[in-house]
Amino acid sequence: MNREISGWTTGVAVVTGIFAGIALWATVAGAQEVRDDLRDIRGDRQDIRRDTRDIREDRREIRQDNREIRQDGRELRGDRQSLRDAIKSGDPQAVRNARRELRQDRREMRHDVAERRHDVRDLRQDRHERHGDVRDLRHDRRELRRDVHARRAG
């Protein structure tokens, strides 16, 4: 009879030890998940800040490109007027210089328009990345709430 009780007691002790180990492991694992979620949230916030900074910079560059394009337009109007005046004067050297100046300013304007197009594309890409980072942040916050709730319940 003692042998049966001893075997039964040993079995209960082993099962209790197993459950205690599982509970301890679950607590440690839950704490690790919470730490990982907090680290992910911190990283997502940094990504969002970086993307927001990039967006502001892209907008600034687009404004600068628009100023340059307006300035190029004013220069082109002046160059066309200079060309008309040179044609009226009949001086071949003045006509050549005016045409060269007009060509150069058209080239600069095309370059500025292409640069603005590139900056708009960058802005769109940065907005897209920030949107994805915001989505990741929301997901990580949901995971954190779920893990904290599971840890408290467990």
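Attention in this report is confined to the structure presented alongside it. Just so it is clear, the model here is predicted, and its values are computed rather than measured. (Residues numbered from 1 in each chain as written. Predicted model: local features only at pLDDT ≥ 70, side-chain atom pairs only at ≥ 80, totals over all residues. Heavy atoms only, no water.)

Our next topic: the pattern of salt bridges. This model, assessed by the stated rule, comprises three salt bridges. Put simply, D36 and R39 hold a salt bridge, and the shortest N to O gap is 3.0 Å. Taken together, the residues D36 and R39, both in helix α1 (residues 2-89) and three residues apart, mark about one turn of the helix. Under the relative-accessibility criterion, D36 is labelled partly exposed at 27%. (Salt bridge = Lys/Arg side-chain N within 4 Å of Asp/Glu carboxyl O. Helix = DSSP H or I, 4+ residues; strand = E, 2+ residues; numbered from the N terminus. Buried < 20%, exposed > 50% of the residue type's maximum accessible area, 1.4 Å probe, protein only.)

With respect to the helices, strands and loops of the structure, D126 is situated in helix α2 (residues 92-153). Of the side chains bearing the opposite charge, R127 lies closest to the buried D126, which forms no salt bridge; the N-O distance is 8.8 Å. Those residues in contact with D126 that lie beyond four places of it in its chain are D51, D54, I55 and D58. (Lys, Arg positive; Asp, Glu negative; His and termini not counted. Contact = heavy atoms within 4.5 Å.)

Let's shift gears to the side chain of D119. Structurally, D119 can be placed in helix α2. Buried D119, no salt bridge; nearest opposite-charge side chain is R116, N-O distance 8.2 Å. Discounting chain neighbours no more than four positions away, the residues touching D119 are D58, E61, I62 and D65.

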